[in-house]
There are 2 protein chains.
Amino acid sequence: MFAESLRTICAGVQGALAATVMGMDGLAVDTHEIEPEGEVDVSSLLIEYSTLISQVRRSAQMFAAGQLEELSIRSEHLTTIIRPVNQDYFLALAVRADGNLGKGRYLLRIHAPKLAKELS
Amino acid sequence: MFAESLRTICAGVQGALAATVMGMDGLAVDTHEIEPEGEVDVSSLLIEYSTLISQVRRSAQMFAAGQLEELSIRSEHLTTIIRPVNQDYFLALAVRADGNLGKGRYLLRIHAPKLAKELS
């Protein structure tokens, strides 16, 4: 079920490199990678970024900015969009610099509530 | 000079709450706040977020994602866009949830190189 969502997300986004459902602790529940042999070590990067999300979430709540909805990290070669699914899990998508971010953002927003049901 | 750039950015973005030039250490060089009495403690939030940017930058480089270009954090009540100016400073803009993010992103991209010259 997770695999299907992740595949659908990657297939729908031009330039997608990988999508993952991951615990806030950095342990992936499931990952779909398009180019596992690419230059960028996407899986390791996503694990590394997972350490940020709990921190960002706490800060946002602490200063009344509200619930974290999306974290997006754009670097030279790829952009990562991260969206919390619930308290314990998040959905992340890595897209090449020239990929379709808007579509990626949209698909994460659509799929997050579905995954939340599965994970509860 | 910083003050002028920050004022221009805030004035150009519908829903802007604050713009700041800050050191990677969380010390603001200059800040322009639109609603200092608002519900969200924007200044403190920006300082808190500053601790993330060095971390994100290191991770991106480590896993070959390249130089960090933009970090954007969307929460319920506001979105923060952060853009490195050089190795030591970044530019950040906080915008209300219903504000014009695209314009904010654009203005940070335009102003960052100007500020880099000033700060070098």
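Residues numbered from 1 in each chain as written. Chains lettered and ligands numbered in written order. Predicted model: local features only at pLDDT ≥ 70, side-chain atom pairs only at ≥ 80, totals over all residues. Heavy atoms only, no water.

A few words now on the pairing of strand β5 (residues 89-96) of chain B. All names here are of chain B. Judged by how many residues are buried, β5 sits mostly within the fold: 6 of 8 residues are covered. When strand β1 (residues 16-23) meets β5, the two strands line up antiparallel, connected through 7 bridges. Across the sheet, the residue bridging to V21 is L91, located in β5. In terms of strand pairing, strand β4 (residues 78-84) meets β5 through 7 bridges, oriented antiparallel. (Buried < 20%, exposed > 50% of the residue type's maximum accessible area, 1.4 Å probe, protein only. Helix = DSSP H or I, 4+ residues; strand = E, 2+ residues; numbered from the N terminus. Pairing = 2+ DSSP bridges.)

A few words now on helix α1 (residues 2-12) of chain A. Residues and elements named next belong to chain A. Of all the positions in α1, only F2, S5, L6, I9 and C10 are classed as buried. Seen along its axis, α1 keeps its buried residues to an arc of 130°; they face one direction. In this structure, the buried side of α1 is in contact with β1 (16-23), β2 (28-33), β5 (89-96) and α3 (101-119). (Arc of directions from axis to C-beta. Contact = heavy atoms within 4.5 Å.)

On to the pattern of salt bridges. Applying the stated criterion across every chain yields a total of 5 salt bridges over all chains. A salt bridge links E70 of chain A to R105 of chain A; its shortest N-O distance comes to 2.9 Å. Placement of the pair is E70 of chain A in strand β3 (residues 68-75) and R105 of chain A in helix α3, with a sequence separation of 35 residues. A salt bridge links D98 of chain A to R96 of chain A; the shortest N-O distance between them is 3.2 Å. Judged by its relative accessible area of 52%, D98 of chain A falls in the exposed class. Assessed through its relative accessible area of 33%, R96 of chain A is described here as partly exposed. Bridged by salt links that share partners, the residues E70, R83 and R105 of chain B form one connected network. (Salt bridge = Lys/Arg side-chain N within 4 Å of Asp/Glu carboxyl O.)

This part is about the interface of chain B and chain A. Each partner contributes residues to the interface: chain B has 30 residues there, and chain A has 30 residues. Taken together, the two surfaces of chain B and chain A that pack against each other cover about 2600 Å², and 58% of this comes from carbon and sulfur. Summed over the shared surface of chain B and chain A, the number is 0 salt bridges. On the surface where chain B and chain A come into contact, there are 15 residue pairs in polar contact (both at pLDDT 80 or more). Elements supplying a minimum of two residues to the side of chain B that touches chain A: α2 (42-62) and β3 (68-75) of chain B. Here the side of chain B that touches chain A takes 11 residues from α2 of chain B, the largest share from any one element. Here the residues of the side of chain B that touches chain A are counted per class, giving 14 nonpolar, 9 polar and 7 charged. Judged from the 7 bridges that link them, β3 of chain A and β3 of chain B form a sheet pairing that is antiparallel. Looking across to β3 of chain B, one finds that S75 of chain A is bridged to L68 of chain B. (Buried area = accessible area lost by both parts, 1.4 Å probe. Polar contact = N/O pair within 3.5 Å; in protein donor to acceptor, adjacent residues only side chain to side chain. Nonpolar A, V, L, I, M, F, W, Y, C, P; charged D, E, K, R; others polar.)

This next bit is on the nonpolar core. One recurring pattern in soluble globular proteins is that nonpolar side chains are buried together. Of all hydrophobic cores here, the largest spans 46 residues; its most connected members are V42, Y49 and L78 of chain A together with V42, Y49 and L78 of chain B. Beyond its immediate chain neighbours, meaning those up to four positions away, V42 of chain A contacts L17, A18, E33, L78 and A94 of chain A. (Core = buried A, V, L, I, M, F, W, Y, C linked by side-chain atoms within 4.5 Å.)

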